[in-house]
Amino acid sequence: MVAHAEIRVVHLSGSKINFREPVITNDSRFLLCASGESVKVYSSSSEECVHDLQGHTDLVSGIVRNPSNHLQVYSCSADGTVRLWDFTDGILIKVQPHSLPRSFAIALFQLVAVHLPLSGDQEVEARELSAVLCDVSPSGAASFGRKVCVVGLPGTSVSNKFFLKSGNKKGAKNAFTCVSCHPKEDCIATGHEDGKIRLWRNFNQKKEYTYSTLHWHHGAVNTLQFTPEGTNLLSGGIESVLVQWHYTQENQKDFLPRLGGAITHIAVSPDGSLFCTSHSDNKITIIQSCVKVSAIIQGLVKGEGVRTDLTIDPRSKALVLNGKPGHLQFYSLHRDKLLYNLDIVQQEYIHEEGLDQFEVVKAAFDTRGDWLATVEERTQKGSELEINLKLWVYDEQTQSFMLNTTVIAPHEDQITAMCFSPSPETTMLVTISFDGHFKAWLLADHSDTKEGASWSCDFVGGYHHLKPGCCCFSADGSLLAVGFQEVVTVWSPSWELLTTLSQPPGAIRDLCFGRLSCSKYLLGTSTKNQLCCWNLLTCSLEWSTPVDVSLLQADPLSENMAAFCSQSGCSDLFVFKPGEPRPLYSQKALCTGKVQRAVFAPRDQMLESCEEHAQWLNRSQLYFFTQHMLMVDDSVAVTPFYLLLGKHRQHQEALTNPMAERIQLPQGSIAIKELLYTPAHVLPSASFLCSMFVRSLLISSSSASASGSRTGVVQATTHWPCPNTHTSLLQTAPFALRHILFSTYRLVKSMPRVQHSSGS
């Protein structure tokens, strides 16, 4: 039996994996990185994500190996907790909230030492805090501006500060950017904005410190890292080149170039066999001893802004949007993995600030996924805007898109929107521009000649010299709506202007045709905070409402539409049908900030068990993009197994919130603790464990007699713990033990209840 369904917003994918320095395990088999509110565990050989350690309720700010157990890592977060994980099994071992208020820590940016107490409980509060360094800048690890502080941990007397005077030369930049300590000697390496590396020595002696200078980078040094033995120093920057400096022979260095985006972090495995570099394009490159690249873990690339809309590839069902410069990325939403990049610009990208280069700004697919249209543009100082319209055809042999046609300067001004006609009779693309025109591009089939398929402009239209801002085809392709500032024009396939629709003051921002039973409606939003619905049969305004709709999105598989509204720094969501006065679903403060892009993605299988208020998610899922990450509104069917684990999730939420009411965990029996906490390789046979576990659940005869003396009847029964009794223990148990426990549960439930009279 399936219980009620609920709708929830999930941080699905697309979080930064380059936010902090990754961690390589002792055996070099796994790589761990902070990814939004979770910690991802990747295989260093297969590049696959093997575990997603979830539990933090805010941004994960750091990961470090447990020095006393090589199978565990600590993670800290802005939610005020430090968590201990077993990354091989993907389980949470311990939660340690500290008593320092988050607002206090953020205001002063103190560097503190936290004592983590030893305890067998899952939740232990860390109360012992000591300030190591006060009033520091949030800009760097231990380097701030033109000063480096060397501070010993509590109980030591090491303390020193390095200063660099500002350069007298014009344009000199010697501010600190990064720092790394030598593992064996008293030496500290610092990176600087001018591309230089300084090696500081004798800072722990009575005489003054000295430093030597290394220089290769032409830009700022972003990261430094010594190898475990200290024989080499690794550095990286905007050049996308990993530089390996020989510590004893500073003039000798090795290079590994063309690694992709700018290098932001470098990590080294404890045995020195693997290096990994984090890059500005949300990528982690795994390198074998600075010789060759062995694996690449690519996250969702989000540059300075997503210029293209969120689009679903009809063939692969992948999300398509801007990727690395000059590319489109095809990203699997279900696997949270990049499938491939499509080079649109087909020019070498030069990593240099202030250089104007081509950028992909628009992308659209036809309904079958056979054709892809892209727009790229470049603006240079003192010259006109350069625009290229490219049409790509899908190649079955290469399983990718191949360039078919390039139109140079398709419009005289910036292209604001484009869309394919869904009509099966013709393949047509419409583009609109600030030059005051919209153009229809038609595919001509020359299959009988050597020329093959080609595109040509079939029609150029306009309306009273007004600038068009948006366009949309009806579901069957029989109508085209184009918004010219405050007027909506409706055109036929023969390019006859059928009607014009006016609305309250304000330029049209979005246009969407209704679908299926609501195909007679046309909806639009304006810059004057109006959502309007026109009836195309009567050519009149059906209804309008004063609401600031920042984004309007139609579900291609149903009549439903989603409207995102911005209010008080948050975004609200309303899902409705154009022909019904009441929305199907609404949620206030869906997320912080403004929703930038959104798209309905079809499900692989249609849901059939949703409640009425969640039926709008039966066929599709709503994905939306914020400035932080990709999120999804989803419908979750609550099964009996979910009810068992749902209790644990509620308890976990209570653990993650330090201000929430503390729930006392049941202690359970000694047998259960031994069963769950004993290493798997020393456990006895399953038959012995099962019998021991059953005996631990039976009520003793003395306690049973005491409870039944007043009624005269004693029930000798077994008692399975409630779902919230040992669920936290079940979650930390290996899979084999969980199988034993659930098998025991089925055995116990099948046992008949035996009643004994009081006189027996």
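Scope of this entry: the structure provided in the associated data block.

What counts and how
Sequence order as written defines residue numbering, which begins from 1 separately in each chain. pLDDT decides what is reported in this predicted model: residues at 70 or higher carry local features, side-chain atom pairs at 80 or more are listed and counted, and totals for whole chains, interfaces and linings draw on all residues regardless. Side-chain figures throughout are based on the complete set of non-hydrogen atoms in the structure, without hydrogens or water. Counting from the N terminus, the helices are the DSSP runs of H or I reaching at least four residues and the strands are the DSSP runs of E reaching at least two. Summary of the burial criterion: residues with accessible area below 20% of their type's maximum are buried, those above 50% are exposed, and those between are partly exposed, where the area comes from a 1.4 Å probe applied to protein chains only. Every residue pair with non-hydrogen atoms within 4.5 Å of one another is taken to be in contact. Accessible surface area values rest on a Shrake-Rupley calculation with a 1.4 Å probe, where residue burial reflects the displayed protein chains alone. When DSSP locates at least two bridges between a pair of strands, those strands are taken to pair. Interaxial angles span 0 to 180 degrees and are taken between N-to-C directions of axes, which are lines fitted to C-alpha atoms, for helices over the stretch in contact. Within this document, salt bridges are pairs made up of a side-chain nitrogen of Lys or Arg and a carboxyl oxygen of Asp or Glu, the two lying within 4 Å of each other. In this description, the term disulfide denotes a pair of cysteine sulfurs within 2.5 Å. Here a polar contact is taken to be a pair of N or O atoms separated by no more than 3.5 Å, where protein atoms must pair a possible hydrogen donor with a possible acceptor and residues adjacent in sequence count only if both atoms sit in side chains. Only rings of Phe, Tyr and Trp enter the pairing, Trp through its six-membered ring, and a pair is recorded when the two centres are within 6.5 Å. The plane angle decides the type: under 30 degrees is stacked, over 60 is edge-to-face, the rest tilted. Think of it as a cone above the ring: NZ of Lys or CZ of Arg counts as a charge over the ring if it is within 6 Å of the ring centre and within 35 degrees of the ring normal.

Overview of the overall build of the chain
Piece 1. For the chain, the helix and strand inventory stands at seven helices and 55 strands.
Piece 2. The 760 residues of the chain split such that 46% are buried.
Piece 3. The long-range fraction of contacts in the chain, counting pairs at least 24 apart against all pairs at least 6 apart in sequence, stands at 44%.
Piece 4. When the accessible surface of the chain is totalled, it reaches about 38,300 Å², and 51% of it is carbon and sulfur.

Considering the sheet that holds strand E24 (residues 274–279)
Piece 1. Strands sit in the order E23-E24-E25-E26 across an open sheet of four strands; the sheet is antiparallel. Two strands in the sheet have a free side with no partner beyond their single neighbour: strand E23 (263–268) and strand E26 (292–298). The sheet shows a mean angle of 20 degrees between the axes of neighbouring strands, direction not considered.
Piece 2. Both E24 and strand E25 (residues 283–288) contribute to a ladder of six bridges, which runs antiparallel. Residue pairing for E25: Cys276 is matched across the bridge by Ile286.

Section: the pattern of salt bridges
Piece 1. In total, this model carries 14 salt bridges according to the counting rule given.
Piece 2. Between Lys184 and Glu229 there is a salt bridge, with the nearest N and O atoms lying 3.9 Å from each other. Pair noted here: Lys184 is in the loop between strand E15 (176–181) and strand E16 (187–192) and Glu229 is in the loop between strand E19 (221–226) and strand E20 (232–237), with a separation of 45 residues, a long-range link. The same class applies to Lys184 and to Glu229, which are both exposed.
Piece 3. The partner of Asp370 in a salt bridge is Arg315, with the nearest N and O atoms 2.5 Å apart. Here Arg315 lies in the loop between strand E27 (311–312) and strand E28 (319–322) and Asp370 lies in the loop between strand E31 (359–365) and strand E32 (371–378), a separation of 55 residues in the sequence.
Piece 4. A relative accessible area of 23% places Asp370 in the partly exposed class.
Piece 5. Arg315 gets classed as partly exposed once you look at its relative accessible area, which sits at 34%.

Re the state of the cysteines
Piece 1. Counted by the stated rule, this structure contains zero disulfides.
Piece 2. Unpaired in terms of disulfides, Cys276 finds its nearest cysteine sulfur in Cys33, a separation of 9.0 Å.
Piece 3. According to the relative accessible area criterion, Cys276 is buried, its value standing at 0%.
Piece 4. The cysteine Cys419 is free of any disulfide, with Cys471 supplying the nearest cysteine sulfur at 3.6 Å.

Thoughts on the side chain of Asn322
Piece 1. With respect to the element layout, Asn322 can be found in strand E28.
Piece 2. We classify Asn322 as buried; its relative accessible area is 9%.
Piece 3. Within the structure, Asn322 has its side chain in polar contact with the backbone oxygen of Val360 (distance 2.8 Å).
Piece 4. Contacts of Asn322, omitting those with residues within four sequence positions, involve Val301, Val306, Arg307, Thr308, His327, Leu328, Gln329 and Val360.

Points about unusual backbone geometry
Piece 1. Phi is positive for Asn282, which is not a glycine, with a value near 60 degrees.
Piece 2. With respect to the helices and strands, Asn282 occurs in the loop between E24 and E25.
Piece 3. According to the relative accessible area criterion, Asn282 is buried, its value standing at 4%.
Piece 4. Of note in this structure, Cys539 is not a glycine but carries a positive phi near 55 degrees.
Piece 5. Here Cys539 is to be found in the loop between strand E45 (530–535) and strand E46 (540–545).
Piece 6. Look at Cys539 and you get partly exposed, because its relative accessible area is 40%.

Observations regarding the sheet that holds strand E39 (residues 468–473)
Piece 1. Reading across the sheet, the four strands line up as E39-E40-E41-E42 and stay open at both edges, with antiparallel pairing between neighbours. At either margin of the open sheet sits one strand with a lone partner, and together these are E39 and strand E42 (497–502). Across the sheet, the axes of successive neighbouring strands diverge by a mean angle of 20 degrees, strand direction being ignored.
Piece 2. Bridge count between E39 and strand E40 (residues 480–484): five bridges; the pairing is antiparallel.

Side note on the packing of aromatic side chains
Piece 1. A complete count under the given rule lists 22 aromatic pairs for this structure.
Piece 2. Their ring planes at 25 degrees and their centres at 6.3 Å tell us that Phe330 and Phe401 sit as a pair that is stacked. Of this pair, Phe330 sits in strand E29 (residues 327–332) while Phe401 is found in strand E34 (residues 400–408), placing the two residues 71 residues apart along the sequence.
Piece 3. A centroid spacing of 5.9 Å and a plane angle of 50 degrees characterise the contact between Phe438 and Phe459, whose relative ring orientation is tilted. Highlighted residues: Phe438 in strand E37 (residues 438–444) and Phe459 in strand E38 (residues 454–461), separated in sequence by 21 residues.
Piece 4. In this structure Phe438 comes out as buried when scored by relative accessible area, which is 0%.
Piece 5. Feature note: the residues Phe438, Phe459, Tyr463, Phe484, Trp491 and Trp495 constitute an aromatic cluster, connected by ring pairs.
Piece 6. Just above the ring of Phe19 sits the side chain of Arg20; from NZ or CZ to the centre is 4.2 Å.
Piece 7. Seen from the ring of Phe434, Lys467 lies directly overhead, with NZ or CZ sitting 6.0 Å from the centre.

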